[in-house]
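Each chain, letter by letter, is given below.
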Amino acid sequence: MNDQVVLITGCSSGIGLAAAVEFARRGCTVVATMRDLARSDRLRAGFADVGADADIRRLDVIDDASVAQAVAGVMRDHGRIDVVISNAGVGSDGTLEELTLDDIRAVLDVNFLGTVRVIKAVLPAMRERGAGRLIAVGSTAGLLGQPFNDAYCASKFALEGLLESLHPVVAQFGVHVTVVEPGPVAGEFVENSGGAGGPPADGPYALARVRFQAVQDSGYEMAQSPHEIACLLWDVATAASPHLRYQTSNAITRLAGIKVKDLTGERVVGLTRTWIE
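Residues numbered from 1 in each chain as written. Predicted model: local features only at pLDDT ≥ 70, side-chain atom pairs only at ≥ 80, totals over all residues. Heavy atoms only, no water.

K.L.:
Go over the overall build of the chain, please, and point to the residues and values.
P.N.:
For the chain, the count of helices and strands is ten helices and nine strands. Taking 19 Å as the expected radius of gyration for a compact globule of 277 residues, we find that the chain reaches 19 Å, a close match to that expectation. In terms of principal-axis extent, the alpha carbons of the chain reach across some 55 × 40 × 35 Å. The burial tally for the chain puts 48% of its 277 residues in the buried class. Put simply, of all contacts in the chain between residues at least 6 apart along the chain, 72% involve residues at least 24 apart. For the chain, the exposed area adds up to about 13,200 Å²; of that, 54% sits on carbon and sulfur atoms. A distance of 5 Å separates the average location of the 25 positive side-chain charges in the chain from that of its 33 negative side-chain charges. (Helix = DSSP H or I, 4+ residues; strand = E, 2+ residues; numbered from the N terminus. Rg over C-alpha atoms; globule rule 2.2 N^0.38 Å. Buried < 20%, exposed > 50% of the residue type's maximum accessible area, 1.4 Å probe, protein only. Contact = heavy atoms within 4.5 Å. Areas by Shrake-Rupley, 256 points an atom, 1.4 Å probe, with all protein chains shown as cover. Lys, Arg positive; Asp, Glu negative; His and termini not counted. Charge placed at Lys NZ, Arg CZ, Asp CG, Glu CD.)

K.L.:
Please give an account of the sheet that holds strand β6 (residues 132-137) that cites residues and values.
P.N.:
With parallel pairing, the seven strands of this open sheet are ordered in space as β3-β2-β1-β4-β6-β7-β9. Edge positions in the sheet fall to β3 (55-58) and β9 (245-247), since each has one partner strand and no second. With direction set aside, neighbouring strand axes in the sheet form an average angle of 20°. Sheet contacts for helix α5 (residues 150-171): β6, β7 (175-181) and β9; angle to β7, the most-contacted strand, approximately 155°. (Pairing = 2+ DSSP bridges. Axes fitted to C-alpha atoms, helices over the stretch in contact; angles between N-to-C directions.)

K.L.:
Give a description of helix α9 (residues 250-261) that names residues and reports values.
P.N.:
The first and last C-alpha atoms of α9 sit 17 Å apart over twelve residues, in line with the 16 Å expected at 1.5 Å per residue. Residues of α9 that are buried sit in contact with β7, β9 and α10 (266-274). (Expected span 1.5 Å × (residues − 1).)

K.L.:
Describe the packing of helix α4 (residues 101-129) against α5, listing the residues and the values that go with them.
P.N.:
Running from amino to carboxyl end, α4 crosses α5 at an angle of 20°, the nearest separation of the two axes being 7 Å. Considering the angle they form, α4 stands roughly parallel to α5. For the crossing formed where α4 meets α5, the hand is right-handed. Along the contact surface, α4 presents Ile104, Val107, Leu108, Asn111, Phe112, Thr115, Val116, Ile119 and Leu123, while α5 presents Ala151, Tyr152, Ala154, Ser155, Lys156, Ala158, Leu159, Leu162, Leu163, Leu166 and Val170. Here the residues of the contact of α4 with α5 are counted per class, giving 16 nonpolar, three polar and one charged. (Parallel < 35°, antiparallel > 145°, perpendicular 65-115°, else oblique. Left-handed = near helix turned anticlockwise from the far one by under 90°. Nonpolar A, V, L, I, M, F, W, Y, C, P; charged D, E, K, R; others polar.)

K.L.:
Lay out the nonpolar core with the relevant residues and their values.
P.N.:
Within the largest apolar cluster, 34 residues are counted, with the highest numbers of intra-cluster contacts made by Phe23, Val30, Leu43, Phe47, Ile85 and Leu233. Elements that contribute at least two residues to this core include exactly β1 (5-8), α1 (14-25), β2 (29-34), α2 (41-49), β4 (83-86), β6 and α8 (226-238). At eight residues, the largest contribution of residues to this core is made by α1. Setting aside residues up to four positions removed in sequence, Val30 forms contacts with Val6, Ile8, Ala20, Phe23, Ala24, Phe47 and Asp55. Judged by nonpolar contacts, the second largest core, of 28 residues, contains Val67, Val118, Leu123 and Val175. (Core = buried A, V, L, I, M, F, W, Y, C linked by side-chain atoms within 4.5 Å.)

Honestly, it's all geometry; don't read function into it.
Below, the structure is given as structure tokens:
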């Protein structure tokens, strides 16, 4: 991987930052991108800590021109892109009645269409070269619908469908497609996520929300670190023949197994109902 060019989105914090530093530490040429370059200080410090050169560029996944410009710049300066890690994402707090259509569009635009834009920009060159790796950071929210995560789950379910459909087609051209599915990850993701903007404490969903918040808080007490996810991303990028899906822990693999075996959906909704009752 020492001569590999790796493009990563959403590198200002969390998984993206950890992955950029880890891949750089291992000798890759990392192009770390983010929407707001004013938030690059921690990333620059991370590169300095591992003695790597910092190639940090602006890429806003919801802006067609920004994606095209960033990818064209990397191709011009480095000649190719070997690995893409599509990590940029946002959360959303609220059940459907609490969300506006704009709330839902905003989440889909980043989490789903943002990945679509990046893949469409890099895929032609990978296909022509007959090699490439497209890795997207999904979520357990793309496996199981979760209360008060309606828009976020919708975006991650859509991502799963996109990549599963794309996988066999581009595999014919030597391009591997993978989705990595973390559960709770320690960091700033929840704090940086928006949505319903503070539903009323006495609203019809208030009690269910309080109960679900307790479940969510307990999950984050066992959250994985961004570095753990970054190391798995490295394993995926270097695997001889990577799978379509990777869960990031045994607990998540068990949840995935429940979903796969649950043909009627009753077991899944029976589980998630206990989170709010």
